[in-house]
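Summary of structural features
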Amino acid sequence: MMRVHAQPFPFELDLERAALLIIDMQRDFVEPGGFGESLGNQVEPLQSIVPTVKKVLEAWRLTEKLVVHTRESHLPDLSDCPEAKLLRGNPSLRIGDLGPMGRILIRDEPGNQIVPELTPLQHEVVIDKPGKGAFYGTALHEILKQNHIRQLVVMGVTTEVCVQSTLREANDRGFDCLLVEDATASYFPEFKAATLAMVTAQAAIVGWTCTSQVLIQAISS
Ligand code: TIU
């Protein structure tokens, strides 16, 4: 066990039972021309965390513990995309339309790949997920159980959408979650701040948050 300085109180990290979970650091959200921009968002706040996510990932890889990457993606025939999701809003490009990085949010298209700085290693787990939460419609829970995981260290985008949905799904399944504050981002800074506050409120009702610096210090010691 190692004690990590965290909000709302220290997190007792048990590396033997912990996995690093990186949510949706895909070109579709982080780079211009993808799904995120098609919804009317500026991608710069998401781009700005890539070096921090990379630093934590590199420190975690040295521990040789489990790494899981997720991608929000749909099958080319859209059979796993509910009509409500497909038709929602008034985006400049809909899911499945051809954009500058291939078909928007479609599995294996160039825009659906994890950004090159964070490319998964061969042995790392990659979960393709049709929803915002990483547990819905995926094998994530089974994989975590097989690896005897009880704690999740979470990074990625966007804080209040896929990250928060995943934290809540994980929390209900009995995982203790530690969200890395400067390794998560939203298109809306006020939504990121609100998410960090609501996750840790009420004595860690959903989980804990910490900085990348204290996490890296803890796992590197
Ligand atoms: N739109 C938005 O903020 N997020 C998503 O659609 N997906 C994820 O958060 N990955």
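Shown above is the structure to which this text applies.
Our subject in this report is the structure included herewith. Fair warning: this is a prediction, and the values are worked out from it, not measured in the lab.

1. Here's the deal with the side chain of Ser73
Mapped onto the elements of the fold, Ser73 is located in the loop between strand 4 (67–72) and helix 5 (83–87). If sequence neighbours within four positions are ignored, Ser73 has contacts with Asp80, Leu105, Arg107, Asn112, Asp128, Lys129 and Pro130.

2. Focus: the site of the ligand
The environment of the ligand is formed by Asp24, Phe29, Phe35, Leu39, Glu72, Lys132, Val157, Thr158, Val161, Cys162 and Tyr187. Between Glu72 and the ligand, the recorded distance is 2.9 Å, taken from a side-chain N or O atom to a nitrogen atom. Contacts to the ligand include Lys132, whose side-chain N or O atom sits 2.9 Å from an oxygen atom. Across the complex, the protein chains shield 93% of the 280 Å² of accessible surface that the ligand would expose by itself. With respect to the detected pockets, the ligand is housed in the largest pocket.

3. Quick notes on the pairing of strand 4
Across the six residues that make up strand 4, a large majority, six, are buried. Of the two faces of strand 4, the one carrying Val67, His69 and Arg71 and the one carrying Val68, Thr70 and Glu72 are both buried. Of the pairings in the sheet, the one linking strand 3 (residues 18–23) to strand 4 comprises four bridges and is parallel in character. Following the sheet pairing, Leu21 is matched in strand 4 by Val68. By the bridge criterion, five bridges tie strand 4 to strand 7 (residues 125–129) in an arrangement that is parallel. Bridged to Arg71 within strand 7 is Asp128.

Rules used throughout
- Per chain, residues are indexed from 1 in the order of the written sequence.
- With pLDDT at 70 or above as the cut-off, local features in this predicted model cover only qualifying residues; side-chain atom pairs require 80 or more to be listed or tallied, and sums for whole chains, interfaces and linings still use all residues.
- Based on all heavy atoms of the structure, the side-chain values leave hydrogens and waters out of the count.
- Every helix listed is a DSSP run of H or I at least four residues long, and every strand listed is a run of E at least two residues long, numbered separately from the N terminus.
- Throughout, a residue-residue contact means that at least one pair of heavy atoms, one from each residue, lies within 4.5 Å.
- The criterion for a residue being near a molecule or strand is simple. One of its heavy atoms has to lie within 4 Å of it.
- Distance and chemistry together define a polar contact, namely a pair of N or O atoms within 3.5 Å, with one atom able to donate a hydrogen and the other to accept it when in protein, and with adjacent residues in sequence counting only for side-chain atoms on both sides.
- The Shrake-Rupley method, run with a 1.4 Å probe, gives the accessible areas here. Residue values count only the displayed protein chains as cover.
- Think of a 1 Å grid over just the protein atoms. A cavity is a set of points where a 1.4 Å probe fits yet cannot get out, a pocket is an open set with protein on both sides within 12 Å along at least five of seven lines, and lining residues have an atom within 4 Å of a point.
- A cavity or pocket is said to hold a molecule if more than half of that molecule's atoms lie within 2 Å of its grid points.
- Relative accessibility decides the category of a residue: with a 1.4 Å probe and only protein chains considered, values under 20% of the type maximum give buried, values over 50% give exposed, and everything between is partly exposed.
- Paired strands are those between which DSSP finds at least two bridges.

Don't take any of this as a statement about function, it's just geometry.
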